[in-house]
Amino acid sequence: MNELLKRYKMESGNGSMLKEVREMLIAPDALTVFDFDHTMFRTGNFHKISFQGAIHALGRSLRITPELGAKLRGGADEQILGILLDASGGFDNALLSRAINERERILMQVVRADDDLTAYFMPGIPDVIRSLRACGKQVGIASASPDGFVQEFVTRVNVDGRSISDVFVSDAIVGGTTIRSIHNALSVDVDMPLSSLNKPNPFSIRYSASKISREKDSPILYIGDGKVDALSVIGRRNMVGLVTNAEEHDKLCEEFERSENIIVIGSIQEVLNAK
């Protein structure tokens, strides 16, 4: 196991956790993969508009209330649209496929119409990007959102006058579109249904990391914002999970306080400021 990860595990209980995570964040021999929504950018309104629009485009009248939206947060498109279609009259695979396509079409339409995607940065992320640039490190993204949506942000958003695409490896941006394509391709070759490749399955995280580096034994620092992100990493070899901006911060702190490889914090700034 990588020495950096060994040291993190040995010292994880003595107050040096955030310093060790900061070292992993910038270390050349540790691969860093980010979640996207609510970890890097506030994107909730984009998703609400696109999911609501897809349901209406299929002739359904269900309204996505804040309470319903909170229950759907973090799921893959198949899961979210399946729930919404089921609640509004039922569905089959063909209808679900139409809903996914409508959702992506509307999502891309809305994000391309927004002139200032920089306004959606989560606190501290511009400083993270500056730190990564300073040490010449490139990282990946593993997200349930469609690949094109994530790419739109990465291409168009600037920090200090430069597109953040210089930090995020294009091939290592693994979104829901890619995961769905891989799952469907694999399903053709088996006689029984495959289990989901979406988080908390760590597939998208490991796949993103593999596009940053071919070194299979390199430790992975995965940065997310919720329970599904923690469950994607917990107990897994050579992986450390940092959960930030979590809406259920206190609950997650308690739930994962004994985990050897999960750290729950309020803001990524805590890592950047660690001494």
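Refer to the structure above for everything that follows.
Before going into details, it helps to say that this report is about the structure given with it. Computed from a predicted structure; not experimentally measured.

Let us look at the nonpolar core. Of all hydrophobic cores here, the largest spans 41 residues; its most connected members are Phe34, Phe153, Ile164, Phe168 and Leu242. Filtering out sequence-adjacent residues up to four positions away, Phe168 remains in contact with Phe34, Met40, Ile129, Val139, Gly140, Ile141 and Val154. Counting residues in hydrophobic clusters, the runner-up holds 16 residues, among them Leu31, Ala142, Val243 and Leu252.

A few words now on helix H10 (residues 203-212). Every α-helical turn comprises 3.6 residues, leaving residues that sit three or four positions apart pointing alike. Turning to H10, its buried residues are Ser204, Ile205, Ser208 and Ala209. Along the axis of H10, the buried positions cluster into a sector of 135 degrees, meaning they face one direction only.

On to the side chain of Ser232. Topologically, Ser232 is positioned in helix H11 (residues 227-233). Only 2.7 Å separates the side chain of Ser232 from the backbone oxygen of Val228, close enough to count as a polar contact. Beyond its immediate sequence surroundings of up to four residues, Ser232 is in contact with Lys199, Pro200, Pro202 and Ile205.

Once that is clear, we can look at the packing of helix H3 (residues 44-57) against helix H6 (residues 93-112). Two elements in contact, H3 and H6, have axes whose closest approach is 8 Å; the angle formed by their N-to-C orientations is 135 degrees. Overall, the two elements H3 and H6 adopt an arrangement that is oblique. The two elements H3 and H6 meet at a crossing, and its hand is right-handed. Packed against H3, whose contacting residues are Phe46, His47, Ile49, Ser50, Phe51, Gly53, Ala54 and Ala57, the element H6 presents Ala99, Glu102, Arg103, Ile106, Leu107, Val110 and Val111 at the interface. Each residue belonging to the contact of H3 with H6 can be placed in one class, and the counts come to 10 nonpolar, 3 polar and 2 charged.

Attention now goes to the pairing of strand E1 (residues 31-34). Of the two faces of E1, both are covered, the one formed by Leu31 and Val33 as well as the one formed by Thr32 and Phe34. Summarising the sheet, E1 and strand E6 (residues 220-224) pair through 4 bridges and their orientation is parallel. Note that in E6 the partner of Val33 across the bridge is Tyr222. In this sheet, strand E2 (residues 139-142) lies alongside E1 in parallel orientation, the contact comprising 2 bridges. Looking across to E2, one finds that Val33 is bridged to Gly140.

Take the pattern of salt bridges next. With the rule as written, the count across this model stands at 16 salt bridges. With a closest N to O distance of 4.0 Å, Arg180 and Asp77 form a salt bridge. Residue Arg180 is found in helix H9 (residues 176-188), and its partner Asp77 is found in helix H5 (residues 77-87); the two are separated by 103 residues along the sequence. Across the pair Asp229 and Lys199 runs a salt bridge, and its minimum N-O distance is 3.6 Å. On the criterion of sequence distance, the pair formed by Asp229 in helix H11 and Lys199 in the loop between H9 and H10 is long-range, its members being 30 residues apart. According to the relative accessible area criterion, Lys199 is buried, its value standing at 15%. Taken together, the shared-partner salt bridges connect Asp77, Glu78, Arg103 and Arg180 into one network.

Glancing now at the packing of H5 against H6. At a minimum axis distance of 10 Å, the contact between H5 and H6 shows a crossing angle of 115 degrees. With respect to H6, the element H5 is oriented roughly perpendicular. As for how H5 packs across H6, the hand of that crossing is right-handed. Contacts between H5 and H6 pair Asp77, Glu78, Leu81, Gly82 and Leu85 from the former with Leu95, Leu96, Ala99, Ile100 and Arg103 from the latter. By residue class, the composition of the contact of H5 with H6 is 6 nonpolar, 1 polar and 3 charged.

So, how was this worked out
Residues numbered from 1 in each chain as written. Predicted model: local features only at pLDDT ≥ 70, side-chain atom pairs only at ≥ 80, totals over all residues. Heavy atoms only, no water. Core = buried A, V, L, I, M, F, W, Y, C linked by side-chain atoms within 4.5 Å. Buried < 20%, exposed > 50% of the residue type's maximum accessible area, 1.4 Å probe, protein only. Contact = heavy atoms within 4.5 Å. Helix = DSSP H or I, 4+ residues; strand = E, 2+ residues; numbered from the N terminus. Arc of directions from axis to C-beta. Polar contact = N/O pair within 3.5 Å; in protein donor to acceptor, adjacent residues only side chain to side chain. Axes fitted to C-alpha atoms, helices over the stretch in contact; angles between N-to-C directions. Parallel < 35°, antiparallel > 145°, perpendicular 65-115°, else oblique. Left-handed = near helix turned anticlockwise from the far one by under 90°. Nonpolar A, V, L, I, M, F, W, Y, C, P; charged D, E, K, R; others polar. Pairing = 2+ DSSP bridges. Salt bridge = Lys/Arg side-chain N within 4 Å of Asp/Glu carboxyl O.

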